[in-house]
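Reading the structure
Now for the letters of each chain:
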Amino acid sequence: MKKYDYLVVGAGLYGAVFAHEVSKRGKSCLVIDKRNHVGGNIYCENIEGINVHKYGAHIFHTNDEEIWNYVNEFAEFNRFTNSPIANFNGEIYNLPFNMNTFNKLWGVITPQEAKDRIEEQKAILKNKKPENLEEQAISLVGTDIYEKLIKGYTEKQWGRSATELPPFIIKRLPVRFTYDNNYFNDRYQGIPIGGYNVIIENLLRNCDIRLNTNYFENREELDSLAKKVLFTGMIDEYYGYKYGVLEYRSLRFDTELLQQQNYQGNAVVNYTDRETPFTRIIEHKHFEFKTSESTVITREYPMEWKSGDEPYYPVLDEKNLDIYNKYKALGEKEETLIFGGRLGEYKYYDMHNIVRAAIEKVKEEFKN
Ligand code: FAD
Ligand code: UDP
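The structure presented is a predicted model; accordingly, all values stated were derived computationally and were not measured. (Residues numbered from 1 in each chain as written. Chains lettered and ligands numbered in written order. Predicted model: local features only at pLDDT ≥ 70, side-chain atom pairs only at ≥ 80, totals over all residues. Heavy atoms only, no water.)

**Remarks on the environment of Val22**
Selection rule: Only runs of H or I of at least four residues qualify as helices and only runs of E of at least two qualify as strands under DSSP, and these elements are numbered from the N terminus. We call two residues in contact whenever any of their non-hydrogen atoms come within 4.5 Å of each other.
Structurally, Val22 can be placed in helix α1 (residues 13-24). Distance from Val22 to Val362, taken between C-alpha atoms, is 6.8 Å for residues 340 residues apart in sequence. Leaving out residues up to four positions away in the same chain, Val22 has contacts with Tyr6, Lys27, Cys29, Val362 and Phe366.

**Considerations on the pairing of strand β14 (residues 295-304)**
Let me state the cut-off plainly: Burial classes follow relative accessibility: with a 1.4 Å probe on protein chains only, a residue under 20% of its type's maximum area counts as buried, one over 50% as exposed, and anything between as partly exposed. Pairs of strands are assigned from DSSP output, requiring at least two bridges between the strands.
Burial runs high along β14: eight of the 10 residues are buried. In terms of strand pairing, strand β11 (residues 248-258) meets β14 through 10 bridges, oriented antiparallel. By the bridge assignment for β14, Thr255 is matched with Thr298. Bridge analysis of strand β13 (residues 280-283) against β14 gives four bridges, and the strand direction is antiparallel. Bridge pairing in β14 links Glu283 to Ile297.

**Remarks on the site of ligand 2**
The condition that has to hold: The criterion for a residue being near a molecule or strand is simple. One of its heavy atoms has to lie within 4 Å of it. In the analysis that follows, any N or O atom pair within 3.5 Å is treated as a polar contact, provided that within protein one partner can donate a hydrogen and the other can accept it, and provided that, for residues neighboring in sequence, both atoms belong to side chains. Computed by Shrake-Rupley with a 1.4 Å probe, the accessible areas treat only the displayed protein chains as cover when residues are assessed. The classification used treats Ala, Val, Leu, Ile, Met, Phe, Trp, Tyr, Cys and Pro as nonpolar, Asp, Glu, Lys and Arg as charged, and all other residues, Gly among them, as polar.
The local shell around ligand 2 holds 17 residues, among which Thr154, Arg172, Tyr183, Tyr313 and Tyr348 are the closest. Take Ile150: an N or O atom from its main chain is 3.4 Å from an oxygen atom of ligand 2. In the environment of ligand 2, an oxygen atom lies 2.6 Å from a nitrogen or oxygen atom belonging to the side chain of Tyr183. Protein chains bury 93% of the 520 Å² of accessible surface belonging to ligand 2 in isolation. Tallied by class, the residues present in the shell around ligand 2 amount to 11 nonpolar, four polar and two charged.

**Some points on the UniProt feature "domain: UDP-galactopyranose mutase C-terminal" (unreviewed entry) in the protein**
Which entries qualify depends on this criterion: UniProt positions are given in the numbering used here, feature names are shortened, and annotations may be inferred rather than shown by experiment.
On the UniProt side, "domain: UDP-galactopyranose mutase C-terminal" (unreviewed entry) is annotated at positions that read residues 148-348 here. Structurally, residues 148-348 comprises 24% helix and 23% strand, and the distance from its first C-alpha atom to its last is 25 Å.

**Re the environment of Thr291**
By the element assignment, Thr291 lies in the loop between β13 and β14. Given a relative accessible area of 65%, Thr291 falls into the exposed group. Between the alpha carbons of Thr291 and Asn51 there is a distance of 13 Å; along the sequence they are 240 residues apart. Sequence-distant contacts of Thr291, defined by excluding residues within four places in its chain, comprise Gln261 and Lys285.

Structure, rendered in structure tokens:
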């Protein structure tokens with residue numbers, strides 16, 4: 001007799017929602033993670049009373065009322081609205097691209113003036129359908145914004161020319177002809193009070209947990225413990241890289257505690273020039289409106305992923321998607337194994353997508 005119904009590999013948001021939903025349906029779960037904490041990439045570390053987003057800044061946002069109500073069952077959210085600013089060689093611009101950005105850049109005042117500028121600049125595309133990130137960006141906001149606010153940041157972030165990247169990445173960002181600096185269009189947005197750990201700990205309340213446990217180092221023993229496995233690690237690693245290694249972008253986080261109240265006046269400042277080696281500086285206390293005497297900042301340095309590094313962003317170009325589709329086809333044939341999450345499904349999922357996907361996966365499992 002197997003001890004557990006499910007072994008959940010990875011205590012990130014996907015694993016935690018999945019584990020919670022199956023526990024709710026009376027099933028038992030063992031959740032393991034190779035890290036020394038639960039939460040995956042949304043884990044927060046408390047430094048001098050500030051919740052430091054240890055694996056990159058996380059702002060919860062969604063248009064899906066059901067998902068918003070769902071996460072609010074596990075934590076109360078504050079009213080944080082992300083309105084990052086861009087620093088291009090010392091010039092400050094509002095993000096996302098909106099009338100404040102256009103006014104600062106061109107002196108235009110009305111939406112029509114801004115649209116006319118963009119129309120003029122995108123003429124170089126000669127009405128061609130955008131086929132890469134550069135063309136998509138120019139067609140949305142023109143060449144000036146592309147050069148100052150997109151090209152350098154994107155090429156640092158992805159380590160590739162913007163002409164080699166898919167158009168959809170830049171479509172994540174709103175373009176607005178109103179004076180509105182909200183980075184997201186979604187109806188709901190906020191940061192959980194007490195940090196993301198509160199959500200994860202509440203989700204995992206009824207599960208057994210083993211930390212510092214790498215599935216691949218204990219595979220046989222772990223498989224023997226449960227009837228089914230949910231795997232939220234890298235799908236290519238699961239299959240021994242037999243169809244090739246999927247590419248990721250990784251990040252190095254350089255975190256500093258400073259004895260000053262307010263370092264940069266905003267939670268997120270993007271450095272959009274090519275020369276500054278980091279892409280953004282996060283000042284964590286502003287996510288929580290804290291006014292304490294000290295502050296914690298994190299510089300984010302993008303880097304190419306190599307075995308052993310944290311795989312943060314899947315590189316969704318054709319070559320990688322072809323490889324992923326082969327692994328996916330293998331995964332679909334498995335009867336006692338499910339893949340899920342950013343790494344298991346090789347998708348650029350935000351948190352609300354993860355919660356939705358995990359809930360749907362459980363519904364599929366239980367046919368309800
Ligand atoms: P993960 O959080 O990566 O969890 C996977 C877990 O599996 C990890 O804990 C890992 O240690 C464990 N694991 C892997 N392999 C093994 C193994 N072999 N054995 C045991 N354990 C294993 N989303 C938003 O909605 N808003 C944001 O502002 C936002 N900002 C982001 C910023 C950055 C820098 C990044 C990288 C992502 C951001 N996201 C954001 C996306 C968000 O992080 C993801 O949607 C979410 O955390 C993915 O959850 P997951 O459970 O799929 O993966
Ligand atoms: N981007 C940019 N300039 C910015 C911010 C973002 O060019 O100041 C581009 C960049 O290519 C990035 C993409 O927009 O990868 C998506 O940005 P988002 O903030 O959604 O990235 P994430 O938070 O997922 O790192």
